[in-house]
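Residue-level structure breakdown
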Amino acid sequence: IENPDSPEAEVYWIMIEEIVSKIGRYDDLIALSQNIIAQNPRNKILQAYAQGQIVQSYIKQGKISRAEQEVKKLGMVTDWLLIGPFDNTGKSGFKKVYLPEEEIDLQKIYTGKDSIQIKWFQPRKTNLSGFINFDAFLYPHNWSVGYALTYVYSPKERAVIFKVGADDAVKVWLNDQVVIEQDLYRKAVIDQEIVPVWLGEGWNKILVKVCEKEDSWGFYFRITDLEGELIEDLEFDTEFKEITEVEKV
Ligand SMILES: [Ca+2]
């Protein structure tokens, strides 16, 4: 890809990715990806795809510590509490307001899908790629709804961009305001949804709802500044926080 900012670049990239990974030439894919990133393209989606490909290639090669180093450059949010499953029979769950949308009570036991007793919990170990894999932690998987919760601390108020990819339908609240709402059933790719939001000074609450039909289930979540660069001074924590009312834009 000679010019990463050309409109065709993303299409070429997806084709190249597919061919090269099919024949298992991960070193070539890593070199190609590094080349794109080194050109510092204005096309930040392509840059993120390339960085994601470096991570995936190292995972496929079994180079776990390299993958861990590289995934840090994407700024994936991996510190979450989870709860689920709630019911999504016939894709009915997206519009249903389950209790985690109305209250956060980390000790309370809720009644989920099939009358299962569930509560918020911290997953033991999240996926190396930054994908929050609900399949690994919530059961039953099919026709289910899961929630993830985290708090992000910003030392000042500022505009940032939430970049989310989900399998399948996804809804995201920032400080109890809906900022992403996508009732689509599809595979997760990083940066499917890109939305500028306003973080308040101090702790901010992020709640993610993901509805599942079948097969894989989960989401990617990362935060960048408006130029697509990582923000170094954000902190994440899953202990309950009272959110003070912040002004929204
Ligand atoms: Ca799915």
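Residues numbered from 1 in each chain as written. Predicted model: local features only at pLDDT ≥ 70, side-chain atom pairs only at ≥ 80, totals over all residues. Heavy atoms only, no water.

1. Some points on the overall build of the protein
Spelled out, the test is: Helix numbering and strand numbering both begin at the N terminus, where a helix is a DSSP run of H or I of at least 4 residues and a strand a DSSP run of E of at least 2. As a reference, a globule follows 2.2 Å times the number of residues to the power 0.38, and the radius of gyration itself is taken over C-alpha atoms. Only protein chains enter the calculation, and the probe is 1.4 Å; a residue is then buried if its accessible area is under 20% of its type maximum, exposed if over 50%, and partly exposed in between. Residue contacts follow a heavy-atom distance rule, with two residues in contact if any of their heavy atoms lie within 4.5 Å. Working convention for charge: Lys and Arg count positive, Asp and Glu count negative, and His plus the chain ends are omitted. Taken as the charge centre is NZ of Lys, CZ of Arg, CG of Asp or CD of Glu, depending on the residue.
Summing up its helical and strand segments, the protein has four helices and 12 strands in all. In terms of overall size, the protein behaves like a compact globule, its C-alpha atoms giving a radius of gyration of 18 Å where 249 residues would be expected to give roughly 18 Å. Reported as C-alpha extents along the three principal axes, the dimensions of the protein are approximately 55 × 40 × 30 Å. Classification of the 249 residues of the protein by burial places 49% in the buried group. Within the protein, contacts between residues at least 6 apart in sequence are counted, and of these 76% link residues at least 24 apart. Mean positive and mean negative side-chain charge positions of the protein (29 and 41 charges, respectively) differ by 4 Å.

2. Observations regarding the pairing of strand E6 (residues 158-167)
Where we set the bar: A strand pair is defined by DSSP finding two or more bridges across the two strands.
Of all 10 residues in E6, nine are buried; the element is thus mostly enclosed. Of the strand pairs in this sheet, E6 and strand E9 (residues 193-199) are connected by seven bridges, and their pairing is antiparallel. The residue bridging Phe 162 from the neighbouring strand is Val 195, located in E9. Pairing of E6 with strand E11 (residues 218-224), which is carried by seven bridges, proceeds in the antiparallel orientation. Each residue of the ladder has a partner; that of Val 164, found in E11, is Phe 221.

3. A look at the coordination of the calcium ion
This is how the line gets drawn: Here the coordinating atoms are restricted to nitrogen, oxygen and sulfur within 2.8 Å of the metal centre, or 3.2 Å for Na, K and Ca, and because water is not among them the sites may look incomplete.
Of the protein atoms, only Asp 167 (OD), Asp 168 (OD), Glu 212 (OE), Glu 214 (O) and Ser 216 (O) coordinate the calcium ion, at distances of 2.3 to 2.6 Å. Within one chain, the residues donating to the calcium ion are spaced in sequence as D-D-x43-E-x1-E-x1-S. Residue Asp 168 is found in the loop between E6 and strand E7 (169-174), and its partner Glu 214 is found in the loop between strand E10 (202-212) and E11; the two are separated by 46 residues along the sequence. Taking relative accessible area as the criterion, Glu 214 reaches 40% and is therefore assigned partly exposed.

4. A short note on helix H4 (residues 64-72)
Note the cut-off: Summarising the geometry, the arc corresponds to the directions from the helix axis toward the C-beta atoms.
Those residues of H4 not exposed but buried are Ala 67, Glu 70 and Val 71. Each buried residue of H4 lies within a common arc of 100° when the element is viewed along its axis, so the set occupies one face. In this structure, the buried side of H4 is in contact with helix H3 (44-60).

The values reported here are purely geometric and, on their own, carry no functional implication.
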